[in-house]
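Descriptive analysis of the structure
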Amino acid sequence: MTHQTSATPRTIAFIGAGNMASAIFGGMIEAGYPADRIIATARSRDTLEALEQRYGVTTTQDNADAVARADVIVLGVKPQMMHDVCQALAPAVQERKPLVISVAAGITCDSLERWLGGELAIIRCMPNTPSLVGVGASGLYATSRVTDEQRALMDEMLTAVGIVEWVEEEGLLEAVTGISGSGPAYFFLFIEALEAAGIELGLDAETARRLAIQTGRGAAQMAFTSEHEPAELRRRVCSPNGTTERAINSFEGDGLREIVGRAAKASSARAAELARELDQ
C-alpha cells in the first residue's frame, strides 16, 4: 500500500473493532499501513488484547478517547447501537471534525450527521464478508464535504481487502446491498444446491462439496481475469447439443435469471426498509 494522501499517515480509529473492522485494518497493515496509526476500540478487554497481539495496533475501551486522537473514525458498531454510540461521541467528534466512515447497513448519512452534531465529511461503506479473506467488494458513497484526498484515503483502506466501487447517489447503496452485500450468500446457496445434486447423482458428500466449491472458485477467477464478458465465457463452455448446454437450457427454462433478479430486489428493498426503521 502507498499512503501518499498526506505527508504523515492519518490516524484512524475503528470504533467497534469486530470482524469486518479488523479485516479492513488487518489488510491495511499487511499492505504497509503503519500499525501505530490505527486505534481499535471494543467493550471487551480480551478482544482488544488479542488485536494488540495480532496486529500491533493501539487499543482502548474509551471511544471518545480514540476519537480525540483520530483524523478518521470508522464506525463499525451494530446498526441498532449506532444512535446511542454517535450521540455519546458527538462532543469529541465536533471538537476534532474527523472524516467519518460508517460500515453499518441501513444508517443514512443524514442520520449520522444529525446524531454526531452536523457539518461533517461522511462516507458510507457497504463491504461484504469476503473482505475477511481479502477478496471483498465494497460500495462507497461520499457526502459533499468529503475531499478528493479523503476519497483517496478511503480507496487505500478498502482496496487492501478487495475492490472498491463509488456510487454518486446514496440510494444506490441499496442496490449494492442487493448485489454484493448479500451476494456471497447467494453463491453459498448455489454451492449447497450443487453439492446436494452431486450427492443425488451418487457422489459422496465430501467429494461433491469439494468439486462444487472449487468449480465456483475457478469460475469466479476466470471471470475476474478474463477479457471476455461472463456471457461469452458461458458460451465457450457450451458445446452445441452438449452436456453443459442441456444444463443451461434447464436453468433458463426454470427462469433462473428472473429468480436472481427477484432475490436481489428483495434484498435491496429490505435495505431501504431498514434505513427507514433505523432513522426513527
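Data block above holds the structure.
Here's a quick rundown of the structure.

Once that is clear, we can look at the overall build of the chain. For the chain, the helix and strand inventory stands at twelve helices and eight strands. Here the C-alpha coordinates of the chain stretch approximately 70 × 40 × 35 Å along the principal axes. Burial statistics for the chain: of 280 residues in total, 41% are counted as buried. Sequence-distant contacts in the chain: of pairs separated by 6 or more residues, those separated by 24 or more amount to 61%. Taking the average location of the 25 positive side-chain charges in the chain and that of its 37 negative ones, the two points are 1 Å from each other.

Phi is mostly negative for residues that are not glycine, and the peptide bonds are mostly trans. Its identity as a non-glycine residue notwithstanding, Glu119 has a phi of 55 degrees, on the positive side. Mapped onto the secondary structure, Glu119 falls in the loop between α5 (109-116) and β6 (122-126). By relative accessible area, Glu119 is classed as exposed at 57%. With phi around 60 degrees, Asn241 is a residue other than glycine that occupies positive phi space. Within the fold, Asn241 resides in the loop between α10 (230-237) and α11 (243-253).

Turning next to the pattern of salt bridges. Counted by the stated rule, this structure contains 14 salt bridges. Between Glu170 and Arg124 there is a salt bridge whose closest N-O contact spans 2.9 Å. Taken together, the residues span a long stretch of sequence, with Glu170 in the loop between β8 (162-166) and α7 (172-181) and Arg124 in strand β6 at a distance of 46 residues. Its salt-bridge partner being Glu252, residue Arg257 comes within 2.9 Å of it at the nearest N-O pair. Under the relative-accessibility criterion, Glu252 is labelled partly exposed at 36%. In the salt-bridge network here, residues are joined through shared partners; they are Arg45, Glu49 and Glu52.

Rules and cut-offs
Residues numbered from 1 in each chain as written. Predicted model: local features only at pLDDT ≥ 70, side-chain atom pairs only at ≥ 80, totals over all residues. Heavy atoms only, no water. Helix = DSSP H or I, 4+ residues; strand = E, 2+ residues; numbered from the N terminus. Buried < 20%, exposed > 50% of the residue type's maximum accessible area, 1.4 Å probe, protein only. Contact = heavy atoms within 4.5 Å. Lys, Arg positive; Asp, Glu negative; His and termini not counted. Charge placed at Lys NZ, Arg CZ, Asp CG, Glu CD. Salt bridge = Lys/Arg side-chain N within 4 Å of Asp/Glu carboxyl O.

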